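Descriptive structure summary
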Amino acid sequence: MSRKPIIAGNWKMNLLQDEGRELFEGIKSLVSGLSESQLPEIVVAPTFTTIGVVSAAKASWGSDKIKIAGQNCHWESSGAYTGEISVEMLKDAGCDYVIIGHSERRQYFSETDEMINKKAKAILAGGLLPIICCGETLEQREAGVTDEHIASQIRAALKGLTNEEIAKSVIAYEPIWAIGTGKTCDSVEANRVIAMIRRVVKEVSSEEAGNAIRILYGGSVKPSTIEEQLSQSDIDGGLIGGASLKADSFNEIITNSMKVAV
Ligand code: 13P
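This section reports on the structure supplied with the text. The shown structure was predicted, so the numbers you read here are calculated from the model rather than taken from an experiment. Along each chain, numbering runs from 1 in the same order as the chain's sequence is written. Predicted model: local features are reported for residues with pLDDT of at least 70 only, side-chain atom pairs are reported and counted for 80 or more only, and whole-chain, interface and lining totals are derived from all residues. Computation of side-chain values: all heavy atoms of the structure, hydrogens and water removed.

**Observations concerning the environment of Ala 178**
Per the convention used, a helix needs a DSSP run of H or I reaching at least four residues, while a strand needs a run of E reaching at least two, with both numbered from the N terminus. Note that Ala 178 resides in the loop between strand S6 (170–173) and helix H9 (187–204). Residues Ala 178 and Ser 220 lie 42 residues apart in sequence; the distance between their C-alpha atoms is 6.0 Å. Once residues within four sequence positions are removed from consideration, Ala 178 is found in contact with Lys 183, Cys 185, Tyr 217, Gly 219 and Ser 220. The contact criterion used throughout is that any non-hydrogen atoms of two residues lie within 4.5 Å.

**Description of the site of the ligand**
Looking at the ligand, there are 13 residues lining it, with Lys 12, His 102, Gly 180, Ser 220 and Gly 242 nearest. Distance and chemistry together define a polar contact, namely a pair of N or O atoms within 3.5 Å, with one atom able to donate a hydrogen and the other to accept it when in protein, and with adjacent residues in sequence counting only for side-chain atoms on both sides. The backbone of Ser 220 places a nitrogen or oxygen atom 2.8 Å from an oxygen atom of the ligand. Between Gly 241 and the ligand, the recorded distance is 2.9 Å, taken from a backbone N or O atom to an oxygen atom. Its residues assigned to classes, the shell around the ligand comprises 4 nonpolar, 7 polar and 2 charged. Near residues are defined by distance, with any heavy atom within 4 Å of the molecule or strand qualifying the residue. Under the convention adopted here, Pro, Cys and the residues Ala, Val, Leu, Ile, Met, Phe, Trp and Tyr are nonpolar, Asp, Glu, Lys and Arg are charged, and Gly plus all remaining residues are polar.

**What about the environment of Ala 80?**
Along the chain, Ala 80 falls in the loop between strand S3 (66–70) and helix H3 (87–92). Sequence separation of Ala 80 and Ala 212 is 132 residues, and the distance between their C-alpha atoms is 37 Å.

**Focus on the side chain of Ser 205**
Structurally, Ser 205 can be placed in the loop between H9 and helix H10 (207–212). For Ser 205, the residues in contact, after removing those within four places along its chain, are Asn 163, Ile 166 and Gly 210.

**Thoughts on the environment of Arg 192**
Structurally, the position occupied by Arg 192 is in helix H9. Remark: the alpha-carbon pair of Arg 192 and Ile 66, spanning 126 residues in sequence, is separated by 29 Å. Polar contacts involving the side chain of Arg 192 include one to the side chain of Asp 147, which spans 2.8 Å.

Here it is, written out as structure tokens:
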């Protein structure tokens with residue numbers, strides 16, 4: 001079955017408002033001339049303070065060819081949670097997706113599988129879609145526990161979700177040792193892990209949901225790697241950090257992704 005590929009840019013803690021708007025305009029200048037059926041689904045995840053200008057630029061453009069994601073959220077809808085942001089706030093600001101469970105949040109902000117599961121439920125209940133990240137450290141890979149670690153992250157994140165909710169969610173496999181290091185995971189190996197993730201998804205939901213869910217690869221994706229990655233049976237797109245911060249490289253990733261028949 002064919003799954004529409006996703007090319008998503010995670011801007012992390014980068015870009016001021018003007019820079020974010022400029023980047024958005026740069027991506028828009030490529031995609032405005034292309035039809036939706038040719039394009040992958042394109043997502044950008046600005047910082048919270050930059051979502052507004054990107055969203056305003058999108059509204060004045062009047063096209064839905066670029067979707068917007070938050071980089072995190074809280075699972076409660078409102079209240080005394082200083083520094084946090086709710087799903088409703090992200091929706092109100094123009095987001096379609098929310099990235100959750102990124103390894104940087106797990107590592108630096110002590111996010112647990114249980115918190116990520118609560119966030120996934122809140123996102124889906126609030127009408128947005130989660131991009132659920134998972135990935136192993138270099139130590140885990142060297143110790144040979146990659147698959148069991150990832151499987152347990154996925155089982156925990158999807159706990160209690162309906163098959164329908166799982167089918168429309170997105171997972172991003174991001175080996176931690178490949179993030180920001182320039183060391184892209186070998187495509188065949190990334191595909192092996194992603195196929196394993198899909199089997200786990202099928203186990204906890206249904207064959208249909210497992211076939212429908214889109215699973216991305218992230219970790220030093222570059223314009224030169226995306227074609228080979230997308231040519232694999234189970235890799236449905238990329239979650240891109242560094243190379244998403246410049247319109248030139250992000251646009252090249254989009255253009256190269258379109259060379260792959262899906
Ligand atoms: P890089 O593309 O910079 O390795 O970052 C990947 C990532 O963490 C995306 O979420």
